[in-house]
Amino acid sequence: MSPRRTPAPTASRGRTRTHSRGGPTAQAAHRRDLLREMVRIRQFEERCVELYSSGEVRGFVHLCIGEEAVSAGVLGALGPEDAVVTTYREHGHALARGIPAESVFAEMLGRVTGCSRGRGGSMHLFDVSRRFYGGHGIVAGGLPVAAGLALADRMRGQEHVTCCLFGDGALAEGEFHETANLAALWDLPLLLACENNLYAMGTALNREHAQTDLAARAASYGLVAWEVDGMDVLAVERAAGRAARAIRDGAGPVFLELRTYRFRAHSMYDPDRYRAKAEVERWKERDPIQALSTRMRAEDGLDDKALAAVEKEVGEELDTALDRARQGGTEPVEDLLRFVYSPAEGSS
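Residues numbered from 1 in each chain as written. Predicted model: local features only at pLDDT ≥ 70, side-chain atom pairs only at ≥ 80, totals over all residues. Heavy atoms only, no water.

J.: Summarise the overall build of the protein; cite the residues concerned and give the values.
T.: Of regular secondary structure, the protein possesses 11 helices and nine strands. At 20 Å, the protein has a C-alpha radius of gyration in line with the 20 Å of a compact globule built from 348 residues. By principal-axis analysis of the C-alpha atoms, the protein measures approximately 60 × 55 × 45 Å. The buried share of the protein, reckoned over its 348 residues, is 52%. (Helix = DSSP H or I, 4+ residues; strand = E, 2+ residues; numbered from the N terminus. Rg over C-alpha atoms; globule rule 2.2 N^0.38 Å. Buried < 20%, exposed > 50% of the residue type's maximum accessible area, 1.4 Å probe, protein only.)

Next comes the structure, spelled out in structure tokens:
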């Protein structure tokens with residue numbers, strides 16, 4: 001099968017399947033929704049920093065500050081019937097998918113009211129009711145799972161898309177290559193969304209991959225593939241919407257290389273000594289929230305008062321969610337082995 005790499009979507013302001021067509025007023029309202037979603041993810045993450053620093057949240061915490069456009073854009077282009085599989089840097093994905101902030105906070109606090117009953121923590125968020133299947137701690141570990149979900153949907157005759165989000169480090173793992181090969185071979189309804197933030201933990205992209213054009217590598221398997229400005233939420237949403245439509249129309253799997261950047265270290269315990277501060281500051285100039293709000297000021301009449309109102313509304317929502325999450329109980333000691341083993345046949 002020859003490579004099917006396609007050019008990136010044009011800069012037209014077309015609408016995705018997730019919001020209605022309309023004039024300037026509808027477009028402005030939709031951009032406001034995207035802005036609010038990114039602000040919500042950013043403020044949630046900032047609260048995670050406070051919770052971790054105070055010792056209220058423990059274990060591993062990986063933040064997506066700087067990558068909010070990917071979460072809001074990709075998840076916003078999917079329907080509720082579609083499946084989502086993701087990596088351990090998934091707070092933003094979970095929130096954009098519709099998992100309540102209270103449920104995610106509770107999970108991180110180890111409360112039984114969390115989406116994984118407090119057993120998974122920051123890295124293992126699951127919500128089967130929303131077809132959100134992780135939160136996988138192993139690099140590239142979610143890719144074979146996503147292929148299986150896509151295959152199952154196709155065998156059932158369901159026109160669903162399975163979206164798998166993963167980092168650039170996953171392309172150095174065998175699971176990616178096995179999944180890409182089978183996805184192309186079987187024409188699976190699979191959207192492979194690579195969040196290329198230029199670093200796999202502390203290893204720069206060009207020190208890990210001989211070919212740093214990740215979309216070109218994916219295309220070599222016969223995948224439709226293109227790169228996207230991952231700091232532009234509108235570009236991400238257009239690309240993901242286009243990809244989802246193509247998959248539903250029978251085009252087979254699609255690979256998106258979402259070129260983004262995390263403003264903070266790999267995880268909360270990482271001293272972040274492998275990047276120059278000047279590099280981080282250069283990327284902060286492309287902050288996706290600032291980029292969208294600047295466009296909205298020019299085209300939609302957004303002003304400081306309106307932006308402050310969004311930030312205040314989001315802050316109050318998250319404060320309430322965190323207060324409620326703290327009130328949740330913990331798993332009883334006698335239930336600690338529950339869900340560890342499958343019940344024996346015939347047992348309750």
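J.: Can you break down the packing of aromatic side chains residue by residue, with the values?
T.: Enumeration according to the criterion identifies eight aromatic pairs in this entry. Relative to Phe176, the ring of Phe166 has its centre 6.0 Å away and its plane inclined at 50°; by these criteria the two rings are tilted. Of this pair, Phe166 sits in strand 4 (residues 162-167) while Phe176 sits in helix 6 (residues 174-186), placing them 10 residues apart in sequence. Judged on exposure class, the residue Phe166 and its partner Phe176 are both buried. (Phe/Tyr/Trp six-rings, centres within 6.5 Å; stacked < 30°, edge-to-face > 60°.)

J.: Could you give an account of the state of the cysteines, naming the residues involved and the relevant values?
T.: Here is the idea: a disulfide is a covalent bond, and it sits between the sulfur atoms of two cysteines. As enumerated under the stated definition, the model contains zero disulfides in all. Free cysteine Cys115: the closest other cysteine sulfur is in Cys48, separated by 12 Å. (Disulfide = S-S within 2.5 Å.)

J.: Would you mind going over the environment of Pro253 in detail, with residue names and values included?
T.: In this structure, Pro253 sits in the loop between helix 8 (233-248) and strand 9 (254-259). C-alpha of Pro253 to C-alpha of Ala150: the two residues are 103 residues apart in sequence and 9.7 Å apart in space.

J.: Describe in detail the pairing of strand 3 (residues 132-136), supporting the description with residues and values.
T.: Burial of strand 3 is extensive: five of the five residues sit out of reach of the surface. Relative to strand 3, strand 1 (residues 83-87) runs parallel, the two sharing three bridges. Residue pairing for strand 3: Thr87 is matched across the bridge by His136. A loop of four residues connects strand 2 (residues 126-127) with strand 3, the two strands running antiparallel in sequence, and Arg131 in this loop sits at a positive phi of about 55°. (Pairing = 2+ DSSP bridges.)

J.: So, the pairing of strand 4: which residues are in play, and what are the values?
T.: Residues in a regular strand point their side chains to alternate faces of the sheet. Within strand 4, five of the six residues are buried, which leaves it mostly tucked inside the rest of the structure. Here three bridges tie strand 1 to strand 4, and the two strands are oriented parallel to one another. Within strand 4, the position partnered with Val84 by the bridge is Cys163. Across six bridges, the pairing between strand 4 and strand 5 (residues 190-196) is parallel. By the bridge assignment for strand 5, Phe166 is matched with Cys194. For the crossover that starts at strand 4, traverses helix 6 and ends in the parallel strand 5, the hand is right-handed. (Right-handed = clockwise from strand over helix to strand, strands pointing away.)

J.: How would you sum up a nonpolar patch on the surface? Please name residues and give values.
T.: On the surface, Phe60, Met201 and Tyr269 cluster together to form a nonpolar patch covering roughly 330 Å² of accessible area. Of note, Met201 is situated in the loop between strand 6 (199-200) and strand 7 (203-204). (Patch = residues over 30% accessible without salt bridge, like charges linked within 9 Å, V, L, I, M, F, W, Y side chains within 5 Å. Areas by Shrake-Rupley, 256 points an atom, 1.4 Å probe, with all protein chains shown as cover. Salt bridge = Lys/Arg side-chain N within 4 Å of Asp/Glu carboxyl O.)

J.: How would you sum up the packing of helix 1 (residues 24-53) against helix 2 (residues 68-76)? Please name residues and give values.
T.: As a packed pair, helix 1 and helix 2 sit with axes 9 Å apart at the nearest point and diverge in direction by 130°. Our classification of the angle between helix 1 and helix 2 gives oblique. Relative to helix 2, helix 1 is oriented so that their crossing is right-handed. Counting all contacts with helix 1, which are made through Leu34, Glu37, Met38, Ile41 and Arg42, the residues of helix 2 involved are Glu68, Ala69, Ser71 and Ala72. Its residues assigned to classes, the contact of helix 1 with helix 2 shows five nonpolar, one polar and three charged. (Axes fitted to C-alpha atoms, helices over the stretch in contact; angles between N-to-C directions. Parallel < 35°, antiparallel > 145°, perpendicular 65-115°, else oblique. Left-handed = near helix turned anticlockwise from the far one by under 90°. Contact = heavy atoms within 4.5 Å. Nonpolar A, V, L, I, M, F, W, Y, C, P; charged D, E, K, R; others polar.)

J.: Tell me about the packing of helix 5 (residues 142-155) against helix 6, and please be specific about residues and values.
T.: It is at 9 Å that the axes of helix 5 and helix 6 come closest, and there the two elements cross at 15°. One way to sum up the angle between helix 5 and helix 6 is to call them roughly parallel. Remark: the crossing between helix 5 and helix 6 carries left-handed chirality. Two secondary-structure elements touch here, helix 5 through Leu143, Pro144, Ala147, Leu151 and Arg154 and helix 6 through Glu175, Phe176, Thr179 and Trp186. Looking at the contact of helix 5 with helix 6 residue by residue, the classes come out as six nonpolar, one polar and two charged.

J.: Which residues make up helix 9 (residues 277-284), and what values go with them?
T.: Within helix 9 the residues assigned to the buried category are Glu279, Val280 and Trp283. The arc that holds every buried residue of helix 9, seen down its axis, measures 100°, which confines them to one face. Exposed side of helix 9, more than 90 degrees from the buried face: Lys277 and Arg282 are the residues found there. Those residues of helix 9 that are buried are in contact with strand 6. (Arc of directions from axis to C-beta.)

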